[in-house]
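# Structural characterization, general
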Amino acid sequence: MPIRETFWNIPHWAEVAQYITALITVIVFLYGVGHRILRWRKGRPEKRPGNFWTRVWLVVLQVFGQRRTLDETFPGLMHFSIFWGMFVLAIGTAFATVDWDVTHLFFNFQILTGWFYIIFELTLDVLGLLVVVGLGMAVYRRYFTRPARLQNFPVKALEWDDMYVLIMLSFITLSGYLTEGLRIAVTQPDWAAWSPVGNAIATAFLSMGDPTNQTLHLTIWSLHILTAFGVLASIPFTKLFHMIAVPANIYFSSTEPAGKLSAAKVEDGSGVKEWKQFTWKQLLDFEACTRCGRCQDVCPAYASAQVLSPRNMMVKLDEHLWEKTGGHTLHGDIVSAAELWACTTCRACVQVCPAFIDHVTTFVDLRRHLVDLGSMDKMLQDTLANLGRYGNSFGQSERTRAKWTQGVQPAVKDARRESVEYLWFVGDYASYNATLTDITRKTADVFQKTGLNFGILFDGERNAGNDVRRVGEEGLFEMLADRNSQALAKCKFETIVTTDPHTYNTLKNEYAWNGNRPNILHYAELLDQLITSGQIKFSNKLGYKVTYHDPCYLGRYNGVYDAPRRVIKATGCELVEMPRHGDRAFCCGAGGGRIWMDEKDIKERPSESRIREAVTLNGVQTFVVACPKDLTMYRDAVKTTGNEKDMLVRDLIELVYEAL
Amino acid sequence: MKIAVPVKFVPDLVEELTIDPGGTALDTSWLRLIINEFDDHAVEQAILLKERVGGQVIVAMAEAEGADDFLFASAAKGADQLIRLTGDFSSSNNHALARALADLLKELKPDLILTGVQAHNDLDGSIGPLLAEYLGLPYVGYVAGLTAAADMVTVRKEYAGGLIAEMEVKLPAVLGIQAAEQPPRYVAYSKIRQVMSTAKIEERAVASLDLSGGITISRMFQPEVTERATMMGGSPEEVADKVIEIFKELGTL
């Protein structure tokens, strides 16, 4: 009957030594993990509510299913192979040990016998191959194809950490195979063919003779055991700690809406000045980072100026937590103001991170401290002052907020005076930007032609505060939100509609509403509903070939991807997607208050990169947007990239207006 | 060092200015007030000075809509004492305001008085020299930076044409600030809110204003629309010929 003596050729002293090593490993491991946990607990408290089983399911899907890791084919399969291979080998080895030294020793009973043993051997043998393939891919990628995102190291020593993991895992796998091969060479069991790799290795050693092979077997087995325990013990001290930190980070990831930024942690509204002011979850974020660099690849700030790499930020912050000497200050020595201000809060990094790190929340908390110091760009400072004084970023009188309505017939209703079904929250850009007045009027026109009962707040409206909050000016955000909430509380309406995704996001996810949130729609959603219900009927089929840009605060933040696409198709346009679309859409560069800052050292504006992406699409000459800021950003970008003749930037409402 | 900064609000030019039906003043119903930009710099300069040499900063102003917010913001930046003058300032002029401030300053006895060098509504001269006159103190205007010693300051005064003079001024003195050494700082709303719960604004009643020495406005009006301008191209000779022709047409030659 197929069976195997687990500690074949291992003298008793070696077996005992193995258990002593195991004990030391466990102690070192627990010490290391405990050290990490104590470190997290130095952070501020933060509640992570949410359903236990939802969280567990997420961990299962992301860890065992490697769901997000597999979003990228080569690195995904590479990691999948190493993960599953090592996982099964480790479980299998532990199982064989228990089988021999627990069940067999104490109960004289073995599970690993007969066919079950054969399947066990075959599985481990093949999965070892999977690890070899995975490690081969990893070595090839890191040292031969050398993708840019693995190259820049804010902390040089980490290069060795990466190498250590690859060397050790390779050694464990190869020495495991050798041990198996040597055993088979000596014992030559009938079922050796079920361990194809081990058997093949065995044939190479046959000629050396049993005594040599037995000595060699013991030597390699000892090295295998020492390396394996060494690696296990090193988990809390190396990159391998991600095996613990990443599942933990996924388990504790936020179940709140993506668009709801966590409030300032410090009671007086100021941000993070030193690392202990981060929450424990943020500290966990930093430690969960595996430096894979996917965030850096999708980051518009990195692409445009290479000042900010979300990956390097995580690496530097993690390093800062652990540094014992140097007395570096978090602001200035570790992170620079330029890095922090470069973030557009587009959330692309958060969306792709396989470790579920929330970079943006950390950046905003750090920005809050800069705001507290008053340390910011002159243009941003003036804008914030204007927002505080006039309630808009343009520094114009709030009395002129509804100037665009002059001449609109029939007159736009004042929602403060009469009850309406739809309260249109117009927003700063649509209200004040002179080049957008035409679009804003067309929106009013479409609403009126559709017979919507709508009104606006006129000079009662203030900037909704979405980007004020993301700049880090929490106090000003609260003031703006209070003003708007008070104005809205006095009006009678059923639904709020806005054309601005930023406004939409904060109204929907961040305003308090005293538990009585009204229905809030982006105009793309409203138009979609009106088309579906037949309230909007088109008389023209436009027939344009168009592409569509997903605004970050509509797509990634609020998951609205389909509504605008259905509207575009309903107007009779053919939609051609850009390579980066949906949740991978590339930011225009305006968000998070970037539109209020000077662009310094920009190599290529994100909006220009986006237009260049669009012009490569065959036959597409219309670039459709669903955000007033996008309209200004891309109209500029079309000019600066010299594509004025090839690409026309149009608002979604213009298509609807034309097709009516 | 005890530094006093008398400041004032001026009409905010973001709003359209309209003339009162009487024709000699601005229509106050639409008027909105904002800190005089130069005064804002004076506050900043005072705080910078305090940060460098220590001391105490007092900000004082006549009551107006939004005055408290400005005073609290100054406290959040680092001002130690906030004073609001109360009374009827509706028909005030700079002479009257300077007299009221001078009374207050005589009492406070600051070492240094910093104020904005000018304001766009200074119809009867700027506040600084008037204050200096009523207090019998030296005055230097157009100051853009200073260093303080025990009983004297060295000021950098800006002249036209990019010239800068450094001069020593014995304290106490009044300085008209053209620009602080750095732009007025931003102060976060959360900080202002914190200050509101701790800082106190002292009120000083001004019994009556002495308007003497001021000016009388006979007419206030919007710039009158003039004939449109014509741009003339060509060589200097051609332009000269055209100009002569035009003057002849107009009958001035």
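Because the structure is predicted, anything quoted here is derived from the model rather than measured.

Here the focus is the overall build of chain A. Summing up its helical and strand segments, chain A has 27 helices and nine strands in all. Considered along the principal axes of its C-alpha atoms, chain A spans approximately 100 × 55 × 50 Å. Out of the 660 residues in chain A, the part that is buried amounts to 58%. Contacts in chain A between residues at least 24 apart in sequence constitute 80% of all its contacts with a sequence separation of at least 6. Total accessible area on chain A stands at roughly 28,100 Å², and carbon and sulfur atoms take up 59% of it. Each charge class in chain A can be summarised by its mean position, and for the 70 positive and 69 negative side chains these summaries are 4 Å apart.

Let us now look at the state of the cysteines. Cysteine pairs can be linked by a disulfide, which is a covalent bond between their two sulfur atoms. Scanning the model with the defined rule gives zero disulfides over all chains in all. Cys587(A) supplies the cysteine sulfur nearest to Cys552(A), a cysteine that is in no disulfide, at a spacing of 3.9 Å.

Once that is clear, we can look at the domain arrangement of chain A. Domain boundaries assigned for chain A yield domain 1 (17-42 + 52-250), domain 2 (256-373), domain 3 (393-532) and domain 4 (545-659). Relative to domain 4 of chain A, the C-alpha centre of domain 1 of chain A lies at a distance of 47 Å.

Our next topic: the pattern of salt bridges. Side chains that carry opposite charge are capable of pairing whenever their charged atoms lie near each other. All names here are of chain A. Under the counting rule described, the total for this entry stands at 59 salt bridges over all chains. Its salt-bridge partner being Asp162, residue Arg142 comes within 3.1 Å of it at the nearest N-O pair. Of the two residues, Arg142 is situated in helix 4 (residues 114-145) and Asp162 in helix 5 (residues 158-187); the sequence distance between them amounts to 20 residues. Accessibility classification places Arg142 together with Asp162 in one group, the buried group. When the shortest N-O distance is used, the salt bridge between Glu339 and Lys316 registers 2.8 Å. Linking Glu339 in helix 14 (residues 337-342) with Lys316 in helix 12 (residues 310-322), this pair joins segments that are 23 residues apart in sequence.

What follows covers a nonpolar patch on the surface. On the surface, Val98(A), Val102(A), Leu105(A), Phe106(A), Phe107(A), Phe109(A), Ile111(A) and Phe116(A) cluster together into a nonpolar patch covering about 810 Å² of accessible area. Turning to its location among the elements, Phe116(A) is positioned in helix 4.

Conventions and cut-offs
- Residues numbered from 1 in each chain as written.
- Chains lettered and ligands numbered in written order.
- Predicted model: local features only at pLDDT ≥ 70, side-chain atom pairs only at ≥ 80, totals over all residues.
- Heavy atoms only, no water.
- Helix = DSSP H or I, 4+ residues; strand = E, 2+ residues; numbered from the N terminus.
- Buried < 20%, exposed > 50% of the residue type's maximum accessible area, 1.4 Å probe, protein only.
- Contact = heavy atoms within 4.5 Å.
- Areas by Shrake-Rupley, 256 points an atom, 1.4 Å probe, with all protein chains shown as cover.
- Lys, Arg positive; Asp, Glu negative; His and termini not counted.
- Charge placed at Lys NZ, Arg CZ, Asp CG, Glu CD.
- Disulfide = S-S within 2.5 Å.
- Domains from an automatic or database assignment.
- Salt bridge = Lys/Arg side-chain N within 4 Å of Asp/Glu carboxyl O.
- Patch = residues over 30% accessible without salt bridge, like charges linked within 9 Å, V, L, I, M, F, W, Y side chains within 5 Å.

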